[in-house]
Amino acid sequence: MSDAEAPAPSASADPPAVDPPGRRELLAAVLSFLLGVVPAAIGGLFFLDPILRRKTDSGSGAGDQTMDGFVKLDITPENLVEEGAPVASTVIADLDDAWNRFKDVPIGSIWLRRQQGGEIVAFNSICPHLGCSINYRRGENDFHCPCHASSFDLDGATANDTPPRDMDSLEIVVATDGRPDPNGTELWVKYQNFRRGTPEKKPI
Amino acid sequence: MAFILRGAADVRPHESIIMKALIDWFDDRTGFKELMHEALYERVPGGARWRYVWGSTLVFTFTLQVITGFMLWSAYSPSTRTAWESVYYIQHELTLGFLVRGVHHFAAQAMVVLMAIHLIQVVIDGAYKAPRELNFWMGLVLLQIVLGLSLTGYLLPWDQKGYYATQVTTNIMSATPIVGDQIQTLAQGGTEYGHLTLTRFFAMHAGILPTLLVAFLAVHIYVFRRHGLTVHDENHAPETTFWPDQVLKDAVACLVVLAVVMLLAIFKGVELSAPADPSVKFDAARPEWYFLFLFRFLHFEVVNKLGVTFGAIIVPGIIMGVVAMMPLTHKYLGEFGHTLNKSFTWLLGAAIVVLTAMAIIEDREDESHQAALAEAHRDGARALELAAGPDRIPVDGAVELLRRDPFTQGPRLFAKHCSACHRYNGHDGRGTMVVDKAGIAAPTAADLGGFGSRDWMRSVVVDYANHFSWQKNATWFKDAQKAEAAGEDVTYLNPDDSEMASWADADSLRSADNADNLTALVEFLYSEADAGYKPLDADERAAFSNPLAADPALVGTGRAVATEGAWAGDLQGSSCVDCHTSIGEDFVAVSDDDADGYPTLAKYGSAVWLKDFIRNPGAARHYGEKNQMPAYSPQQLRDDELDLLVRWMTGDYLPSEVHDYENRLEDLSGSLPTSSSAGSSAPTAAEE
Ligand code: FES
């Protein structure tokens with residue numbers, strides 16, 4: 001296109017044939033905006049999947065005594081002596097990780113203890129402070145986390161100011177053949193993890 | 001040099017003309033000459049100086065990271081079952097893999113150090129002041145990006161160290177007010193760590209963050225050039241240009257960085273700890289050393305009282321805020337503001353140094369942390385050994401190698417189930433002394449450190465009373481003795497007063513005539529325990545020669561001693577089989593009615609004997625009524641766990657060169673009160 005042929009706006013004899021510059025600017029702006037926003041939105045939503053995706057299995061009625069969401073432990077009630085030292089137990093279950101299902105692998109570890117009076121309590125061994133592992137200290141007869149020195153009493157209550165809350169207790173049921181039975185010989189635990197670092201105990 | 005060049009040009013003038021034409025043609029189309037000129041001939045008033053090198057070293061180090069990073073990328077596979085495995089392969093099998101990973105690892109640390117120096121330099125020189133404040137802020141953004149890179153990179157090998165340290169960091173993220181949960185879930189790719197945590201961290205580490213870094217860096221350098229150097233002293237030296245004076249200094253500095261990084265990579269090396277296992281506690285978790293100050297800060301109970309959000313987010317946020325405000329502090333407070341800024345920087349630096357030193361010193365003195373570290377090193381070294389072993393890494397990952405390895409699991413099972421009474425070379429199996437309220441606790445049963453070894457067998461035969469003397473610390477023993485003293489009729493195992501001890505008292509057992517017989521008997525007993533690795537794979541089994549195997553010739557003689565009483569002197573005709581009727585036979589779990597009334601020695605110390613014993617120590621074929629050991633049911637000790645424990649005790653695992661826990665029998669006997677009956681007569685270490 002030579003310079004001579006360049007249309008000068010004033011030379012246009014037929015105004016409706018060419019859009020006014022204002023409209024063209026708007027159109028160009030809208031198009032550019034879309035060209036930027038659409039790919040960014042697609043990418044962004046993809047990236048947000050972990051918080052957008054609906055959890056597949058949630059909300060088994062906690063109050064109704066079905067054993068949904070409970071895992072059977074190897075350890076049995078008679079292995080727990082009243083007011084004895086806490087006993088560690090590994091929770092073995094199927095673990096789903098993205099595209100894989102791992103059959104019967106350790107998914108966590110818990111502390112079990114029979115309190116005075118015979119009641120059995122279970123605690124998640126993950127520290128409510130920032131998620132390290134809580135140990136039982138034979139010398140001090142308490143629970144202790146080596147990361148930032150959180151201490152807990154044997155009933156799971158905080159014993160110093162480091163942890164934001166008590167140890168996370170877990171629902172535990174004595175059962176026979178998978179049915180709740182106070183005289184049963186099986187121990188079932190509802191294994192859950194909880195948010196760390198917060199005073200409230202929120203399941204994740 | 002100049003002469004030679006001129007000479008060469010003189011000889012072939014047409015070549016230089018062609019060259020010049022080519023350059024001109026290229027310049028015409030790109031304008032690169034001007035670009036080069038601008039890049040290389042920047043004014044350097046006051047002369048080239050060492051204090052200007054930091055920016056260049058950072059650019060160089062980043063380039064190093066890009067090169068080594070791309071190479072690592074070409075061999076790395078992000079998933080929970082391949083990340084550790086591929087890093088292992090890079091580090092130990094690929095050509096120069098250790099160097100590429102080593103350089104990447106140490107250059108990352110160098111970058112953090114150089115950034116800190118660069119920042120301090122900028123503050124001291126007042127290079128943050130207007131009109132350079134925007135560039136200062138961009139520098140702070142770059143700092144965050146570099147820290148983000150180091151954080152994401154720490155997790156990628158998916159080893160215990162990175163896994164647990166990063167968990168703490170992502171848990172800190174969740175303490176962010178309001179959106180904490182979402183941030184954490186987004187970073188992790190879900191509510192828990194898994195494949196997606198790795199893929200996302202990797203995308204951040206190798207894609208998003210480096211892209212951002214390059215973009216910010218480009219603008220940072222562009223703006224820096226726009227405003228020029230912040231010159232401290234114009235009259236320091238005559239003005240010069242970037243090329244070649246400053247470039248020379250920069251190059252020397254970069255070379256020093258490169259040399260340091262390479263030396264560290266070659267002589268220090270990067271650790272790859274054991275593969276991440278969410279079910280295995282890792283008490284040695286610590287962040288990278290340059291985050292230790294923050295870690296130590298979070299250790300203060302007062303800080304925790306105010307909450308994780310306060311300690312880990314608000315305080316660091318305020319500090320970053322103060323740093324970011326520096327240009328404004330100067331703007332509104334003038335030179336006083338600058339002094340304030342400098343003081344703040346020095347104070348912050350000092351606080352970081354002090355906190356870091358505290359963290360290091362406290363860890364060094366913390367025995368349980370040292371024990372956790374020792375275990376972590378043992379696990380890590382063992383994982384490497386197994387991965388390089390004849391079976392390689394199975395598809396279910398290296399983590400399964402360790403879960404199925406007696407050498408790794410045995411000590412843990414021992415500590416959990418046995419160490420309340422027994423010890424292993426004085427410790428709890430995992431290298432830690434067993435303590436109770438009063439301090440180091442006295443064992444109440446045999447030290448099983450050398451169980452089934454030749455020394456063990458010899459000690460049982462000739463030194464029976466002493467060998468089992470630890471149990472005299474037990475309450476049951478003391479009670480039984482009291483009852484006995486009170487004239488009651490009690491049945492209990494008293495090592496001092498036993499048929500075995502009185503048999504072993506015979507002088508001729510220790511006489512020179514019987515020395516060879518005794519050695520042969522010990523060898524026979526040792527062969528019955530059948531120590532050593534028994535590979536499952538048939539070919540491997542055939543090819544494996546057991547370094548723990550007994551001497552067959554001696555075993556033959558020993559068998560005659562044990563079963564026919566082939567002794568010299570008084571002992572002649574007195575054989576083990578007189579009481580232990582099944583010695584030398586295959587182990588059979590005979591019923592209580594069929595037992596001979598003495599502990600069975602059929603395959604004594606072997607896996608089959610041990611398993612039966614642990615499950616039923618009170619059976620008549622073992623200790624019968626005299627037994628004090630609790631029976632371990634499969635509910636307490638699963639079959640697979642029992643198998644691992646027993647295989648560890650009988651040496652049935654891929655032989656290991658890994659440095660094992662120290663023998664701590666001396667610590668044990670040294671710490672016990674002398675009144676303790678067993679303390680002074682503790683059996684000597686089972687292994688010489
Ligand atoms: S994670 Fe347990 S004390 Fe911090």
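Residues numbered from 1 in each chain as written. Chains lettered and ligands numbered in written order. Predicted model: local features only at pLDDT ≥ 70, side-chain atom pairs only at ≥ 80, totals over all residues. Heavy atoms only, no water.

Structural notes on the overall build of chain B
As a reminder of what qualifies: Only DSSP runs of H or I reaching four residues or more are called helices, and only runs of E reaching two or more are called strands; each is numbered from the N terminus. Within these notes, the globule rule equals 2.2 Å times the number of residues to the 0.38 power, and the radius of gyration is based on C-alpha atoms. Residue exposure (1.4 Å probe, protein chains only): buried if accessible area is under 20% of the type maximum, exposed if over 50%, otherwise partly exposed. Exposure was quantified through the Shrake-Rupley algorithm and a 1.4 Å probe, taking into account, for residues, occlusion by the shown protein chains and nothing else. In this tally Asp and Glu are treated as negative and Lys and Arg as positive; neither His nor the chain ends contributes. Here the site of a charge means NZ on Lys, CZ on Arg, CG on Asp, or CD on Glu.
Per the secondary structure count, chain B includes 30 helices and four strands. In terms of overall dimensions, chain B is more spread out than a globule: its C-alpha atoms have a radius of gyration of 35 Å, far above the 26 Å expected for 688 residues. Principal axes of the C-alpha set define a box for chain B whose edges measure 110 × 70 × 45 Å. The 688 residues of chain B split such that 47% are buried. Surface exposure of chain B reaches about 33400 Å², of which carbon and sulfur atoms provide 62%. Of the side-chain charges in chain B, 52 are positive and 84 negative, and the distance between the mean point of each set is 12 Å.

Section: the side chain of B:S459
Just so we agree on the cut-off: Contact criterion: two residues are considered in contact whenever any of their non-hydrogen atoms come within 4.5 Å of each other.
For B:S459, the position within the fold is in helix α19 (residues 454–462). B:S459 has contacts with B:Y464 and B:H467, leaving out every residue within four places of it along the chain.

What to know about the confidence of the model for chain A
Filter applied, for reference: Per-residue confidence from the predictor is reported as pLDDT, a score between 0 and 100.
Taken over all residues, the pLDDT of chain A has a mean of 84, while the share at 70 or more is 84%. When the criterion is pLDDT under 50, residues 57–65 of chain A qualifies, and its contacts beyond four places in sequence or with other chains add up to six contacts.

Observations concerning the domain arrangement of chain B
Selection rule: Here the bounds of each domain stem from an automatic or database domain assignment.
Assigned domains of chain B: these are domain 1 (52–235 + 246–374) and domain 2 (405–687). Put simply, the middle of domain 1 of chain B and the middle of domain 2 of chain B, counted by C-alpha atoms, are 52 Å apart.

Section: the nonpolar core
As a rule of thumb, nonpolar side chains are buried together in soluble globular proteins. Residues and elements named next belong to chain B. Definition in use: Only buried Ala, Val, Leu, Ile, Met, Phe, Trp, Tyr and Cys residues count toward a nonpolar core, and they belong to the same one when joined by side-chain atoms within 4.5 Å.
With 49 residues, the main nonpolar core has L521 and L645 as its most contacted residues. For this core, the elements supplying multiple residues, two or more each, are α18 (406–418), α19, α22 (499–504), α24 (515–529), α26 (552–564), α27 (607–615) and α28 (639–649). Those residues in contact with L645 that lie beyond four places of it in its chain are G410, L413, F414, C418, I614 and L637. Ranked by size, the runner-up nonpolar core spans 33 residues in total, among them L156, F202, A398 and L402.

What to know about the interface of chain A and chain B
As a reminder of what qualifies: Values labelled buried area give the accessible surface lost by two parts on being combined, using a 1.4 Å probe and summing over both. Criterion for a salt bridge: a side-chain nitrogen of Lys or Arg within 4 Å of a carboxyl oxygen of Asp or Glu.
The partner chain B presents 47 residues to the 44 residues of chain A that form the contact. On the chain A side of the contact with chain B, A:L130, A:R138 and A:R195 bury the most area, a combined 16% of that side's loss. Linking chain A with chain B are four salt bridges. Taking the shortest distance from any N to any O, the salt bridge between B:R638 and A:D74 comes out at 2.9 Å.

Some points on the sheet that holds strand β8 (residues 169–170) of chain A
Residue and element names in this part refer to chain A. Applied cut-off: DSSP bridges decide pairing: two strands pair if at least two such bridges lie between them.
With antiparallel pairing, four strands are arranged side by side in an open sheet as β2-β3-β4-β8. Since the sheet does not close on itself, it has two edges, and those belong to β2 (87–97) and β8, each with one partner. Both strand β3 (residues 100–114) and strand β4 (residues 120–124) contribute to a ladder of five bridges, which runs antiparallel. Bridging from a neighbouring strand, R114 pairs with I120 of β4.

Notes on a negative patch on the surface
Going by this rule: Patch membership requires more than 30% relative accessible area and the absence of a salt bridge. Residues of like charge join within 9 Å; the nonpolar side chains Val, Leu, Ile, Met, Phe, Trp and Tyr join within 5 Å.
Among the surface-exposed residues, B:E484, B:E488, B:D489 and B:D497 lie close enough to one another that they form a single negatively charged patch. With respect to the element layout, B:D497 can be found in the loop between α21 (475–485) and α22.

Brief notes about the sheet that holds strand β6 (residues 142–145) of chain A
Residue and element names in this part refer to chain A. We apply this condition: Interaxial angle, 0 to 180 degrees, is taken between N-to-C directions of lines fitted to C-alpha atoms, where a helix line uses only the stretch in contact.
Read from one edge of the open sheet, three strands run β5-β6-β7, paired in antiparallel fashion. In the strand order of this sheet, the two ends are held by β5 (135–137) and β7 (150–152), each with one partner. Direction aside, neighbouring strands of the sheet carry axes that sit 35 degrees apart on average. Where β6 meets β7, three bridges bridge the pair, whose relative direction is antiparallel. Each residue of the ladder has a partner; that of F143, found in β7, is F152.

What about the packing of aromatic side chains?
Filter applied, for reference: What counts as a ring pair is set by centres within 6.5 Å for rings of Phe, Tyr and Trp (its six-membered ring), and what kind of pair is set by the plane angle: stacked under 30 degrees, edge-to-face over 60, tilted for all other angles. Lysine and arginine charges are scored as sitting over a ring when NZ or CZ, respectively, is within 6 Å of the ring centre and within 35 degrees of the ring normal.
Within the structure shown, the criterion is met by 34 aromatic pairs over all chains. Ring centres 5.8 Å apart and planes at 50 degrees place the aromatic pair B:F70 and B:W73 in the tilted group. Placement of both B:F70 and B:W73 in helix α4 (residues 53–73) is noted, with a separation of three residues, approximately one turn of the helix. Accessibility expressed as a relative area gives 47% for B:F70, which makes it partly exposed. Seen in terms of ring centroids, B:F451 and B:W456 are 5.0 Å apart; in terms of plane orientation they differ by 65 degrees. Their pairing is edge-to-face. With respect to burial, B:F451 and B:W456 carry one shared label: buried. The structure contains a cluster of three or more aromatic residues connected by ring pairs, namely B:F451, B:W456, B:Y464, B:F468, B:Y604, B:W609, B:F613 and B:Y623. Between B:R200 and the ring centre of A:F47, over which it is positioned, the NZ or CZ distance is 4.3 Å.

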